[in-house]
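Residue-level structural notes
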Amino acid sequence: MKQKKLISRGGDLALVLAAVTVGIGMAFAAPSLTVPSPASASAPVSSRVGTVYAKRAAVPTPAPDAALQARLDADKAAGHASTAADEEMLHGAYLARAGDCIACHTAKGGTPYAGGLPLGSPIGTMYSTNITPDKDHGIGTWSYDDFATLMRTGVTKAGYTVYPAMPYPSYSRLSDADMHALYTYFMNVVPASAQANRENGIPWPLSMRWPLRFWRMFFAPTPTPFAAPAGMDADVARGAYLVEGLGHCSSCHTPRAVTMQEKTLTDDDSHLFLSGGGAVDGWIAPSLRNENGGGLAGWTQADIVTFLKSGRNEHTASFGAMNDVVVDSMQYMSDSDLNAMAKYLMTLKPLHPDAPAFAYDNTAATALMAGQPGSAGATLYLDRCAACHRANGTAWGTAFPALAGNPVLQTNDGTSAIHIILSGGSQPATAQQPSSLTMAPYAQILNDQQVADITSFIQTSWGNHGGTVTAADVAKVRKTATPVDMPGQPDMRHAEPGQGANAQASGTAGGE
Ligand code: HEC
Ligand code: HEC
Ligand code: HEC
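Note that the coordinates shown come from a computational prediction; the quantities given were computed from them, not determined experimentally. (Residues numbered from 1 in each chain as written. Chains lettered and ligands numbered in written order. Predicted model: local features only at pLDDT ≥ 70, side-chain atom pairs only at ≥ 80, totals over all residues.)

Topic: the overall build of the protein
Looking only at helices and strands, the protein has 20 helices and seven strands in total. For the protein, with 512 residues in total, the buried portion stands at 50%. Pairs at least 24 apart in sequence give 68% of the contacts found in the protein among residues at least 6 apart. (Helix = DSSP H or I, 4+ residues; strand = E, 2+ residues; numbered from the N terminus. Buried ≥ 20, exposed ≤ 12 C-beta atoms within 10 Å, placed from the backbone. Contact = placed C-beta atoms within 7 Å.)

Spelled out as structure tokens, the structure:
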């Protein structure tokens, strides 16, 4: 009798554990419920990984590296050779950019690395922490081993496990030398900030951290520094190291299980790695594999490099979460590292080898140019969109993205296309492409059926292989889509549908 009770208690415990683990998993794995409002700095940002990227303005957060660089330049001018310690700090600064630590560990408009960025999830809001070398509020008392342990296993100096919103399963790939350079940078270059950490707003029982330990035991792999498979080209290996490790590209671009772990952390036989990760803040992170139907087939190595560096190329323009990856991280990478990453991505075999390749078809363009659009969606497109994207769907260079052949429009999931039509979008401003062209929001101008008609039209015209969408699909996205800021335009964010059409967005009929 006694024994039975014990067993049943063990069973209860296992059930609670399973429920909480799955609960936390679902909280992160579920598509986002709220989208950040650019109007309020304190509104939590939501995503399936608890990841951020609210800074819709797509302007880089300045890192405290300039002072270091200035000091080294002055030393050099004075004839002093830089020391090994200086070189290591500089290297650490570069690695911090590659890992995009600043994006998550800086509140909107806040002190770099002082934490406090709200990360929304359906179970509550958590806040990133202060990782400046402040002894009371940051990591100033952490030894190198404390730091490396956190980065590889998610276990803090205080002994608890962090939420996997911190992408430690990826960072565990770092080499010892790079880990040390990163630590040296944070300890010696980043100014200490006495900003206190904020209490997480996650209610009990999901606020309990002990299940995270089990999550880690079940789902986070034993940390293994990256080792290139035998025979791998040296550039490809460098690319794999950056993509799998610091770049943590898979945290958005790899599908997750219901318990939140990425289904795989490296390119294995499953071909799931980077095969597309679902919605982040209501934007789909597509496949980065060399495949048709929304992947990177048809892109050259140079196309990938150009996209990562400037957020645009002749196939697409970046938006949503990817804007911040470009402006805060990728634009700072060296050309040789960007080329290595691109070369590596091009080696990834397709998950869907049977997906047809894009081939341009001029039927839609001919009809539009003859003034015979033939469907409600085509008529609306001509009226509202063709001024910038053109009747032939090829747009104008990299100023406006081409819609013909655009990977965003090659899948059955119209979420990203619907979202950008409703909320508009701003291209990221980078050193290479400082101008940031904006597409205005249509949420107040077009109803659900109209947006569905246009989306279906652009996903199935010019040879695009995407699917059609319904008004119900649009209604779902509309609940969370927040229109972009339009400088010099009336604030449309709180307007009722039908209030004031936006001249800049509406274009002119037959804009060919
Ligand atoms: C996608 C968002 C994200 C990125 C990118 C990120 N972090 Fe974190 N990090 C977090 C969150 C969220 C926490 C707190 C988790 C918690 O409270 O359980 C955290 C916690 C930490 C901690 C523990 C601090 C403490 O006080 O306990 C350290 C150290 C840390 N991160 C360092 C880094 C470094 C270094 C990088 C870049 C290489 C980085 N993080 C990139 C989200 C991120
Ligand atoms: C004023 C010019 C302009 C007009 C008019 C315009 N767009 Fe755009 N469009 C852009 C710009 C600029 C971007 C890139 C935005 C970004 O990167 O966030 C874009 C991006 C897009 C994208 C995402 C493609 C990608 O790779 O980033 C889609 C889909 C799209 N537009 C569809 C439409 C539709 C449909 C209409 C009409 C309802 C329309 N656009 C009207 C300028 C325009
Ligand atoms: C925080 C989530 C996030 C992270 C981290 C992230 N991405 Fe993205 N990425 C996205 C989203 C969302 C899109 C879709 C929007 C777009 O096309 O710009 C995207 C789009 C892209 C595209 C364009 C693909 C296409 O079909 O148009 C490329 C290339 C890309 N990402 C590469 C990378 C690489 C390389 C990394 C790692 C260094 C990375 N991403 C990290 C979210 C992310």
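A few points about the packing of helix α11 (residues 301-310) against helix α13 (residues 335-346)
Packed helix pairs are characterised by how far apart their axes lie and by the angle those axes make with each other. The interhelical angle for the contact between α11 and α13, taken along N-to-C directions, is 125 degrees, at an axis separation of 9 Å. Here α11 is positioned oblique relative to α13, judged by the angle of their axes. When you trace α11 past α13, the crossing you get is right-handed. On the side of α11, the interface is formed by Q301, I304, V305, L308 and K309, while α13 contributes L338, N339, A342, K343, L345 and M346. Here the contact of α11 with α13 is built from residues that sort into seven nonpolar, two polar and two charged. (Axes fitted to C-alpha atoms, helices over the stretch in contact; angles between N-to-C directions. Parallel < 35°, antiparallel > 145°, perpendicular 65-115°, else oblique. Left-handed = near helix turned anticlockwise from the far one by under 90°. Nonpolar A, V, L, I, M, F, W, Y, C, P; charged D, E, K, R; others polar.)

Concerning unusual backbone geometry
Positive phi is not limited to glycine here, since H248 has a value of about 35 degrees. One non-glycine residue, R390, adopts positive backbone phi at about 70 degrees. By secondary structure assignment, the location of R390 is in the loop between α16 (386-389) and α17 (415-423).

Points about the site of ligand 1
In the region of ligand 1, 24 residues are neighbours, and G99, C101, C104, V162 and M166 sit closest. Where the shell around ligand 1 is concerned, the elements lending two or more residues are α3 (84-99) and α4 (101-105). When residues in the shell around ligand 1 are grouped by element, the largest group, four residues, is from α4. The residue inventory of the shell around ligand 1, partitioned by class, reads 17 nonpolar, six polar and one charged. (Near = placed C-beta within 6 Å.)

Structural notes on helix α7 (residues 176-188)
With 13 residues, α7 extends 18 Å from end C-alpha to end C-alpha; this agrees with the ideal 18 Å at 1.5 Å per step. Within α7, the full set of buried residues consists of D178, M179, A181, L182, Y183, Y185 and F186. (Expected span 1.5 Å × (residues − 1).)

Examining the site of ligand 3
Near ligand 3, the surroundings consist of 27 residues, among which G247, C249, C252, S318 and P407 are the closest. Within the residue set of the shell around ligand 3, elements represented by two or more residues are α10 (250-253), β5 (283-285), α11 and α12 (321-328).

Observations regarding the nonpolar core
With 110 residues, the main nonpolar core has Y185, L345 and V451 as its most contacted residues. Excluding its chain neighbours within four sequence positions, the residues that come into contact with L345 are V243, L288, L296 and I304. (Core = buried A, V, L, I, M, F, W, Y, C linked by C-beta atoms within 7 Å.)

Remarks on the packing of helix α5 (residues 144-153) against α7
α7 packs onto α5 with a crossing angle of 115 degrees between their chain directions and a minimal axis gap of 10 Å. Relative to α7, the crossing made by α5 is right-handed. Counting all contacts with α5, which are made through Y144, F147, A148 and M151, the residues of α7 involved are M179, H180 and Y183. Each residue belonging to the contact of α5 with α7 can be placed in one class, and the counts come to six nonpolar, one polar and no charged.

Some remarks on the environment of H105
Residue position: H105 is located in helix α4. On a C-alpha basis, the gap between H105 and G115 in space is 4.2 Å, while along the polypeptide they are ten residues apart. Among residues more than four places away in sequence, those in contact with H105 are Y113, G115, S128 and I131.

Quick notes on the environment of N447
Positionally, N447 belongs in the loop between β7 (438-439) and α18 (448-460). On a C-alpha basis, the gap between N447 and A475 in space is 9.0 Å, while along the polypeptide they are 28 residues apart.

Section: the confidence of the model for the protein
In the predicted model, the protein carries a mean pLDDT of 82, and the fraction of residues at 70 or more is 79%. Overall, residues 25-57 carries pLDDT values under 50, and its contacts beyond four positions in sequence, including any with other chains, amount to 100 contacts. Low pLDDT, under 50, characterises residues 489-512; the stretch is placed with 44 contacts to residues that sit more than four places away or in other chains. (pLDDT = per-residue confidence, 0-100.)

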